[in-house]
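The lines below spell out each chain.
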Amino acid sequence: MEKFLKDFEVNKHASDDARRRWRSAVTVVRNRRRRFRMVADLDKRTEVEDKKRRIQLSEEVRNANFGIDPEDLASIVRGHDIKRLNLHGGAEGIARKVSVFLNEGVRSCNLATRQTIYGLNHFTEKAPRSFLMFVWEALQDLTLIILMICAVVSISVGIATEGWPKGMYDGLGIILSIFLVVLVAAISDYKQSLQFRDLDKEKKKIIVQVTRDGSRQKIPIYNLVVGDVVHLAIGDQVPADGVLISGYSLLVDESSLTGEVDPVSINEEHPFLSSGTKVRDGSGKMLVTGVGMRTEWGKLMETLSEDGDDETPLQVKLNGVATIIGKIGLSFAVLTFLVLTVRFLVEKALKNEFTHWSSSDALTLLDYFATAVTIIVVAVPEGLPLAVTLSLAFAMKKLINDRALVRHLSACETMGSASCICTDKTGTLTTNHMVVERIWICNKVQDISGNESKSNYELEISERALSILLQAIFQNTSGEVVKEKEGKNSVVGTPTESALLEFGLLLGGDHDAQQGQFKILKVEPFNSDRKKMSVLVAFPESGVRAFCKGASEIVLKMCDNVVGHNGEPIVLTEELVKKTMHIINGFAHAALRTLCLAYKDLDANASADDIPDSGYTLIAVVGIKDPVRPGVKEAVRTCLAAGITVRMVTGDNINTAKAIAKECGILTHNDNAIEGPEFRKKSLDEMREIIPKIQVMARSLPSDKLTLVTHLRNMFGEVVAVTGDGTNDAPALHQSDIGLAMGIAGTEVAKESADVVIMDDNFSTIVNVAKWGRAVYKNIQKFVQFQLTVNVVALVINFASACISGSAPLTAVQLLWVNMIMDTLGALALATEPPNDELMKRPPVAKGASFITKAMWRNIIGQSIYQLIVLGILNFDGKRLLRLIGSDATKVLDTLIFNSFVFCQVFNEINSRDIERINIFEGMFDSWIFLGVMVSTVAFQAIIVELLGTFANTVPLSWQLWLLSIAIGSVSMVIGVILKCIPVEGTLKPRYHDGYEALASGPHAA
């Protein structure tokens, strides 16, 4: 028997293999499940052991006193592995293993250790392009490559025929010119890339709220470490991977990561939060488990390469202009080459030399070809679309200093055409620094103003009423009172929450004691659809109480009772309702935001899943002061003068909205204000009639804002800018022509949907963005006018001269220098001019308006005719008129034509500073870039003519001829004055809301 039982021998220290062996030996069994029900499950034990083996800690992790490996910790959330999370003891177990107390958070003293072990919250980004890469890009220009080949051939043939070094001068001149053009273009492009890189860094700056060192703090997203306790609210971006610690009704939008549009509920069964997702609803706290490249979002970001923004409408339009002009230039170049070549061949035939060819003949034909290619270089205005980028980059950099972050290039130019701004009230028109100024409680209005600085304030109410009021303030809040290092109380939360909490502290309330006394069962956070916040709490002994606060009219409708003098509820009669509404309207007329606070006692066995919507007892009506920002009235006046209509769209009481709108200068007549519910009831025809008159929309929902924006754009063809701060504002921000998100009060969802982030939440900054937008548009128009003039003159003078005299007065080297003046340097001078106040005294550019205006065509044609006449006379009769004799007379004349041509462009560049006004010098000496370009152009022109003649085919000129060149150029300024006196189109005057035109004002009124 013992022999047969050898497989059934085990002892206390038997291995799992031995235990498996005896089980597999049991072959005759009717019910295996019953036979082995009291025996350990070896498969599960093996699985646990495998997981334990995977969790072997590295020495580095052990030395840092952490109990979990970085990759193992990160993979729990990435794999949504609930079993492994539970194996570690859930969020609390993970917290212990990363050495964190959930109520205290990370300690600042070991941040560096955490970053070393668990990594930084940074993503791997594509290495920025070096300067040499931009040089290489500039060298990819096909025309420059052809010219370089021509230069090399010219040097080879030249040395063979004329010897060293004379034979290499022409070719070397072209190579040096190409090098200069490429260098200047590369420097300009490289500086732009640095600006865009800085702007990209600004876009990625996100502030998150964490608990550290036992207090709630705000930190940049990049400073987040594993173990941080992060506070999440509606509209926040989840800043790293983590697990839920606690939360209420937390819904997360994971579409950016998974593509699924339906929000995911985050709870104990599904506690995983992924970096890059957005909080759609609710609030909560999470423990960070993975940062940077250990998150799924980080791995996704690594595979994406953002190579810039989409083309702006202006860039697309100017690319079209450049293409058309390029085709014309190509035709002229081909014709010029054909004419020069045919003339040369005919001359050889007439001299009976057609069969005799020398290397000098080859050089002549090569020069003709190089000239034709250079005409293409000049004719194709590569600078047009690039000037838009340069101007936008310059404007965006300046706007950062003015507290506006442009997220999309196109927004900057579109803002210049804005004809309507739909703005929020709170924080944009007002300071967003709120304090409780009045309160109506126990049937009595009490004034708090002037007492905010006191450490304590006593309301004239009973103890019971005060107790209920303090419970309503401290229990029903998304804010928090934290102790600073100095021991002082500091309030963290939205301005409204902060005002209420500060008021509670002023009344002698203890936030921590209140929070510890009750257990929160459910929270319905405030959002702009509900316009209220509700909370369900359990008493320490027994019983449940619901608290609600929010928009006065909404909460009042939910109430059946009101707190009486002794704190007991009394029936809210119709008369009391009217009195309460009178109090609310009185507060609102005094420009105060009004909130109602209410409570309702429930049975102990009431459901913790539902917060009631009726049967409440009204505690108080609170009036919160939010003063109008300094400078807003002037900014609104500036908008009206610029033909931009300002509309206030707010969720506040209509009387509060009217009072603030009148103070800001937005509301001109009470009939021009409407409430959201009334607006929603209107038919399409009624909306078409009332929308142009609306100046204030109160008690509006985000959907009302979206409807208003859609109709303004589609029905009336307005270019609409919209401000927004909440998650629900995202559709309106997206639908508008320019979405403006608030940088301080705005959620991350709103910012991501916006085109521009107003970092100081100030309406004056919005007006500044509009001014810069107009400046960009105007600057590009100036540059286009300047460049087209150069194009026309360079093409026609070379073509006409080739046809008539058989030679081109402007050589390849000279044309390359002209190309640099009009492309890179011209764009730098004209496309980077700062805005002036005159820009906001004219109406916005209409949708579909021609970019090249009649005034621009007038200036282009007039200046081109003048330059062609003068240069034509010099080219065909210059020797006789100037009495030039001698062997170098032709070279002197060609140099004079080149010099005069360049000075015509220098003075025309000054002319182009203003398309319509005669005074072109205003602000010129404040623009150091423009002055720098002017001085550099003149200085280098002098060097080319006087010192680099060998390479540029020029000879030094006498002082008389220098003066003549300058005089010819300067006359173009006189021509400019004459041209601007020729009327071409009427200018529209902006109209105010009431239809009256603005009176002329200022030094340019005449």
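All figures in this text were calculated on a predicted structure; none of them were measured in a lab.

I'd like to hear about the overall build of the protein, residue by residue, with values.
The secondary structure content of the protein amounts to 36 helices and 26 strands. Across the protein, contacts joining residues at least 24 apart in sequence account for 71% of those joining residues at least 6 apart. For the protein, the exposed surface amounts to about 46,000 Å²; the carbon and sulfur share of it is 56%.

Would you mind going over the packing of aromatic side chains in detail, with residue names and values included?
For the coordinates displayed, the defined rule picks out eight aromatic pairs. Consider the rings of Tyr 777 and Phe 851, whose centres lie 5.3 Å apart with planes at 80°: the pair is edge-to-face. Of this pair, Tyr 777 sits in helix H30 (residues 763-804) while Phe 851 sits in the loop between helix H31 (812-830) and helix H32 (854-882), and the two are 74 residues apart along the sequence. Per residue, the accessibility class of Tyr 777 equals that of Phe 851, and both read buried. Three or more aromatic residues link up through ring pairs in this structure, and these residues are Phe 131, Phe 134 and Tyr 190.

Just give me the short version of helix H34 (residues 928-946), but keep the residues and values in it.
In this model H34 runs 27 Å from its N-terminal to its C-terminal C-alpha over 19 residues, within 8% of the 27 Å that 1.5 Å per residue would give. Residues of H34 that are buried: Ile 929, Phe 930, Val 933, Met 934, Thr 937, Gln 941, Ile 944 and Val 945. Along the axis of H34, the buried residues cluster in a sector spanning 140°; they form a single face. Of the exposed residues in H34, those oriented more than 90 degrees away from the buried face are Trp 928 and Val 935.

Describe the pattern of salt bridges, and please don't skip the residues or the numbers.
Evaluation of the coordinates by the stated rule reveals 35 salt bridges. One salt bridge connects Lys 444 with Glu 460, and the closest N-O pair in it is separated by 3.4 Å. Of the two residues, Lys 444 is situated in strand E11 (residues 444-447) and Glu 460 in the loop between E11 and helix H18 (463-475); the sequence distance between them amounts to 16 residues. When its relative accessible area of 32% is taken as the criterion, Lys 444 is described as partly exposed. Using a relative accessible area of 58% as the deciding quantity, one classes Glu 460 as exposed. For Asp 601, the salt bridge identified is with Arg 545, shortest N-O distance 2.6 Å. Here the residue Asp 601 occupies a position in strand E19 (residues 592-602), and Arg 545 occupies one in strand E16 (residues 544-551), the gap between them amounting to 56 residues.

Outline the packing of helix H22 (residues 574-589) against helix H24 (residues 654-664), supporting the account with residue identities and numerical values.
In contact at an axis separation of 7 Å, H22 and H24 are set at 15° when each is read in the N-to-C sense. Put simply, H22 runs roughly parallel to H24. Handedness of the H22/H24 crossing: right-handed. Within the contact between the two elements, H22 uses Asn 585, Ala 588 and His 589 and H24 uses Asn 655, Thr 656 and Ala 659.

Quick rundown of the environment of Val 709? Include the residues and the values.
Considering the arrangement of structural elements, one finds Val 709 in helix H27 (residues 702-714). Note on Val 709: relative accessible area 0%, which makes it buried. The sequence separation of Val 709 and Gln 735 amounts to 26 residues, and the corresponding C-alpha distance is 7.4 Å. Not counting chain neighbours up to four residues away, the residues in contact with Val 709 comprise Val 720, Val 722, Ala 732, Gln 735 and Ser 736.

Help me get a handle on the packing of H30 against helix H33 (residues 889-911), residues and values and all.
For any two helices packed against each other, one specifies the inter-axial angle together with the distance between the axes. Contact geometry of H30 with H33 gives a least axis separation of 10 Å together with a crossing angle of 160°. Judged by the angle between their axes, H30 and H33 are roughly antiparallel. Note on packing geometry: the crossing formed by H30 with H33 is right-handed. Residues Phe 786, Thr 789, Val 790, Val 793 and Ala 794 of H30 form the contact with H33, whose own contacting residues are Phe 901, Gln 905, Asn 908 and Glu 909. Taken together, the residues of the contact of H30 with H33 break down into five nonpolar, three polar and one charged.

Give me the lowdown on the nonpolar core, citing residues and values where you can.
Ranked by internal contacts, the top residues of the largest apolar core, which has 144 residues, are Leu 318, Met 415, Ile 738, Val 756, Phe 763, Ile 780 and Val 784. Residue contributions to this core peak at 19 residues, all from H30. Excluding its chain neighbours within four sequence positions, the residues that come into contact with Val 784 are Leu 318, Leu 384, Phe 851, Ile 852 and Met 856.

Parameters and conventions
Here the residue numbers are simple positions, counted from 1 along each chain's written sequence. The model is predicted, so local features are restricted to residues of pLDDT at least 70 and side-chain atom pairs to those at 80 or more, both for listing and for counting; the totals for chains, interfaces and linings are taken over all residues. Excluding hydrogens and water, the side-chain figures rest on all heavy atoms present in the structure. Each helix corresponds to a stretch of at least 4 residues labelled H or I by DSSP, and each strand to a stretch of at least 2 residues labelled E; elements are numbered beginning at the N terminus. In this analysis, two residues are considered to be in contact whenever any of their non-hydrogen atoms come within 4.5 Å of each other. All accessible-area figures derive from a Shrake-Rupley calculation using a 1.4 Å probe, and residue coverage is judged against the displayed protein chains alone. Whether two aromatic rings pair depends on their centres lying within 6.5 Å, for rings of Phe, Tyr and Trp, where Trp uses its six-membered ring; planes under 30 degrees apart make the pair stacked, over 60 edge-to-face, and the rest tilted. For the exposure calls, accessible area comes from a 1.4 Å probe over protein chains only, and a residue counts as buried if that area is under 20% of its type's maximum, exposed if over 50%, partly exposed in between. Expected helix span is taken as 1.5 Å per residue step, with the number of steps being one fewer than the number of residues. As used here, the arc is the angular range of directions from the helix axis to the C-beta atoms. We define a salt bridge as a contact between a side-chain nitrogen of Lys or Arg and a carboxyl oxygen of Asp or Glu at a distance within 4 Å. Note on geometry: axes are C-alpha line fits, over the in-contact stretch for helices, and angles between N-to-C directions span 0 to 180 degrees. Any angle that falls under 35 degrees is termed roughly parallel, while one over 145 is termed roughly antiparallel, one within 65 to 115 roughly perpendicular, and all others oblique. By definition, turning the near helix anticlockwise from the far helix through less than a right angle yields a left-handed crossing, and turning it clockwise yields a right-handed one. Residues are grouped as follows: Ala, Val, Leu, Ile, Met, Phe, Trp, Tyr, Cys and Pro are nonpolar; Asp, Glu, Lys and Arg are charged; every other residue, Gly included, is polar. Definition of nonpolar core: a set of buried residues of the types Ala, Val, Leu, Ile, Met, Phe, Trp, Tyr and Cys, connected through side-chain atoms within 4.5 Å.

By themselves, these observations are geometric and do not establish any function.
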